[in-house]
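Spelled out from the first residue to the last, the chains are:
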Amino acid sequence: MNNVTLLFHKPWIWSFIAVLSAWVATIIFTGGLGGAGLAQAALTFAAFSVIVGIGQMFVITLGPGNIDLSIPATMTLSATLALKFMNTDGALVLPGLLIALGVGLAVGTANFGLIKLLKIPPIIATLSSSFLIQSTAIWSNRGLRIKPPEVLTDFTTSSVLGVPNVALLSFVLAVAAYFILMRSLFGRWVLAIGQNMRAARLAGVPVDGVRFSTYVLCGVLAAVAGFFLASFSGGAALNMGTEYLLTSIAVVVIGGSSVAGGNSNVPGIWGASLFLFLVVSMLNTFGVGAGVRLIMTGLIIIAVITLAGGRKSMK
Amino acid sequence: MTSDRLRQLLPAFSLAVLLISVFYIQPRTMSYLGLNLLFNLAVPIALATIAQMLIIAVNDLDLSMGAFVSFVACVAATYLRDTPLLGVLILAGAIGVYALVGILIYVRNLPAIVVTLGMSFVWGGLAVLILPSPGGAAPDWARWLMKTKPPGIPMAIVASILIAGIAHFLVMRSSFGVVIRGVGGNERSVERAGWSILWVRAAAYASAGFFAVLAGILLVGLTTAADANIALRYTLLSIAGVILGGGEFTGGRVSPIGAVIGALTLTLAGSFLSFLRISSDWQIGAQGAILIIVLALRVLLNRSKQGAGD
C-alpha cells in the first residue's frame, strides 16, 4: 500500500496513466481491433522522440535558459551525410554510424563554443548554429531522398518478440540515461548546476566541462535519432527533423521534468512520447482532421504545464 | 567614439555594409524598383520582429510567432476579404487570446517557451482548418498597400521607417513602453510603483499580437494568397532580428529601430547570396552566419569597453 502511494508521488506516473487511457479509449472505439498493432506503432514512433527527448532533457536540466534548438537540423545533417556515405552499401553501416556520431559531436562542440565564446544565451547560440547546420544539410542533400542500406531498413522495421528493434534500442538508451542522471557523478553534477550554478561552481563542480559534455551528448543523441529515423522511413529528407523541435521539448515537460532545470526524470520521457503518439492516433481513429488534431495537441501541452505548475520561471 | 556608442550603431553598420556590397555587385539595385524588390519581404518580417521584441521586453519568448502570423495570413486571405466584419472580429479575438496567454504565463508562473510552443500547435491547427490547402486571396486594400508606389521613396522603405518610428514612440517614448521595459528590468520595482504587473504583461502580449496581425495581413498583401505554413520561419527570424538589432534577452533592454534594421539585414542576407551567384541552399546559413558575426563583434566591443576601464 505504501509503495502504491509512493508511486503516485512520482512526477512521471501521470504520463503513463494518460498513455493507458489514450490506448484504452482507442481500443474501445475500434472495438478491440488492432490493439497490439497500435501498441507496436506507438513503441516505434515514441522511440525516436525518446532519443531526442533524453538529449533535450539533459540540456534543460542544466537550468534556466538552457535549451537546444539545433536538434532538428542535426538530425537531418547526420542522416544525410551518413546515408550519402553508405550509398546503400550494407558493409559501410558502422562507418556510417560513426559519421553520424561525428556530426553530433561537432554540433555539440560548436554549440557550446558559441555559448562560451560569444557569451550568448544557449537559445540564440543553438538557433544560429541550426541555421548553418540546416544549410549544410540542404546543400549536401540537394532535395533528394537518399536511400538507406537494406540491412538498416530491415533492422529498424523488424522486431524481437513483438517489440520493435528501435524501441529496444531507445529503451537501452533510456536505462543508460537513467543511470547516468541518477547514479553517476556526471548526472549529479548536471543536476547540481541546474539547481544553482554558482553554488555548484563554488562546490568545485567543473561547470564548463559538464555543460560542454551535456551539449555534446544532446547533439550525439539527435544524430543517432536522425540516423535511425532516416533508415526507418526509407531515406533522409530535408524536413525529417522539423517536428522534433517541439516534440523534444514537449516530452521533457509532459514527462514531469522541471522546465526550470535541476529536477528531471527519464521514465517520464517514455510516458510522454507514447502519450503524444497515442493522442494523435486516437484522434485519427475518431476521424478528426489534421487541424483539430494539432489544436488538441497544443491544448494538451498547455493544460499539462498549467496543471503541473511552474515552480521557477524559465526564459 | 566610445564602444557603447559603437555598439548602438552596430546594427545600422552591419546593414550598411551588406547594402553597399549588394550595390557594388549589382549596381542596378540602386534604384527605386531595385530597393523595393530588395526590401519588400522585409516589411512583414519587421512587424513580426517588433511583436517578438515586445515579448522579449518582458523577459519572455514567443515560439508561436510563425504559426500565429500564418494563421493571420489565412484569416486575411479568407474571412477578412469575404466578410470583413467577421474577419476583424476573428483577428481581434486572436489578439485577446494573446493577452490571455500573457496572463496565464504570469498568473501560473509558467515558462513562456513551453506555453507559446503549445500555442503554436493551436494556431497551426486553426490555420489548417481555415485553409486546408494553399489558396484564398488577399483583400484588395492589403494588396494595394503593398503595391502602391509613393513618389521618390519605395514603399518598402517608407513602411520600414513608419514601423520603426511608431514602435520607437510606443516602446521608448510612451509611458506604456517605459512600464513594459520596466517589467523586464525589475518587475518588483514596477509593482511597488503601483502598476498591476498582470495588466502590463497582458498589454505587452496584446500589442505583440497586434503587430503580428499586421505582419500577417501585409504578408498576404505581398504574396496575394496564403497557406497554413506560409510564415513558419518567422519564429526564428523574429528572434534573430531582435538580437541582431541590439536587443538583450533579459532586462527589458530592447531597441525597436534596431529590431527593424535587424529584420532588414536578415532579408538582405538572402538576396546578397543570390547576387554572389551562391546557391540559395546557403540562404539560411548566411542568416545564421551574420547573426554569429554580429554577436561576436558585440563581444569584442564589450571587451574593449571593459579594457578601457569602463
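The structure we're discussing is the one just above.
Residues numbered from 1 in each chain as written. Chains lettered and ligands numbered in written order. Predicted model: local features only at pLDDT ≥ 70, side-chain atom pairs only at ≥ 80, totals over all residues. Heavy atoms only, no water.

Here we look at the pattern of salt bridges
Put simply, the rule is: What makes a salt bridge here is a side-chain nitrogen of Lys or Arg within 4 Å of a carboxyl oxygen of Asp or Glu, nothing more. Note on classification: 1.4 Å probe, protein chains only; a residue is buried when its accessible area is under 20% of the maximum for its type, exposed when over 50%, partly exposed between these limits. Secondary structure elements are defined from DSSP: runs of H or I of at least 4 residues count as helices, runs of E of at least 2 residues count as strands, and each element is numbered from the N terminus.
For the coordinates displayed, the defined rule picks out five salt bridges over all chains. We note a salt bridge from Arg201(A) to Asp208(A), for which the minimum N-O separation is 3.9 Å. With a relative accessible area of 29%, Asp208(A) lands in the partly exposed category. Measuring nitrogen to oxygen at the nearest pair gives 3.1 Å for the salt bridge that ties Arg201(B) to Asp60(B). Of this pair, Arg201(B) sits in helix 12 (residues 197–223) while Asp60(B) is found in the loop between helix 3 (42–57) and helix 4 (65–77), placing the two residues 141 residues apart along the sequence. Beyond isolated ion pairs, a larger network of salt bridges with shared partners links Lys116(A), Arg201(A) and Asp208(A).

Structural notes on the packing of aromatic side chains
Residue and element names in this part refer to chain A. The test is simple: Only Phe, Tyr and Trp rings are paired, with Trp represented by its six-membered ring, and only when their centres lie within 6.5 Å; those with planes under 30 degrees apart are stacked, over 60 edge-to-face, the remainder tilted.
Inspection of the entire model under this criterion finds 14 aromatic pairs over all chains. Consider the rings of Phe45 and Phe232, whose centres lie 5.7 Å apart with planes at 90°: the pair is edge-to-face. Here Phe45, found in helix 3 (residues 35–61), pairs with Phe232, found in helix 11 (residues 207–232); they are 187 residues apart in sequence, far enough to count as distant. With a centroid separation of 5.2 Å and an interplanar angle of 90°, the aromatic rings of Phe227 and Phe228 are classed as edge-to-face. We classify Phe227 as buried; its relative accessible area is 1%. Site record: aromatic cluster; members linked through ring pairs are Phe45, Phe48, Phe232 and Phe277.

A short note on the interface of chain B and chain A
Cut-off, in case you're wondering: By the convention used here, residues are in contact when the closest approach between their heavy atoms is within 4.5 Å. Accessible-area loss on putting two parts together, using a 1.4 Å probe and summing over both, is the definition of buried area adopted here. By the criterion applied in these results, polar contacts are pairs of N or O atoms within 3.5 Å in which, for protein atoms, one can donate a hydrogen and the other can accept it, and in which residues neighboring in sequence qualify only through two side-chain atoms. Think of it as three bins: nonpolar holds Ala, Val, Leu, Ile, Met, Phe, Trp, Tyr, Cys and Pro, charged holds Asp, Glu, Lys and Arg, and polar takes everything else, Gly as well.
Taken together, the contacts link 43 residues of chain B with 43 residues of chain A. Approximately 3900 Å² of surface area, both sides summed, lies buried where chain B meets chain A, with 81% of it carried by carbon and sulfur atoms. Of all residues in chain B, Phe121(B), Asp281(B) and Trp282(B) bury the most surface against chain A, accounting for 16% of the area lost on that side. At the surface where chain B touches chain A, the tally comes to two residue pairs in polar contact (both at pLDDT 80 or more). Taken together, the elements giving at least two residues each to the side of chain B that touches chain A come down to helix 7 (112–130), helix 13 (234–244) and helix 15 (283–307) of chain B. Looking at the side of chain B that touches chain A element by element, the count peaks at 15 residues for helix 7 of chain B. Residues belonging to the side of chain B that touches chain A are distributed by class as follows: 28 nonpolar, eleven polar and four charged.

Some words on helix 7 of chain B
Where we set the bar: Take the number of residues in a helix, subtract one, and multiply by 1.5 Å to get its expected span.
Spanning 19 residues, helix 7 of chain B covers 26 Å between terminal C-alpha atoms, matching the ideal 27 Å at 1.5 Å per step. Within helix 7 of chain B, 15 of the 19 residues are buried, which leaves it mostly tucked inside the rest of the structure.

Let's talk about the nonpolar core
Short version of the rule: Buried Ala, Val, Leu, Ile, Met, Phe, Trp, Tyr and Cys residues that are joined via side-chain atoms within 4.5 Å together make up what is termed a nonpolar core.
The biggest cluster of nonpolar side chains holds 203 residues, and the ones touching the most others in it are Ile124(A), Phe68(B) and Val69(B). For this core, the element with the highest residue contribution is helix 12 of chain B, accounting for 16 residues. Leaving out residues up to four positions away in the same chain, Val69(B) has contacts with Ala48(B), Ala212(B), Ala215(B), Gly216(B), Leu219(B), Ala231(B) and Tyr234(B). By size, the runner-up hydrophobic cluster in this structure holds six residues, among which are Ala73(A), Val103(A), Val107(A) and Ile133(A).

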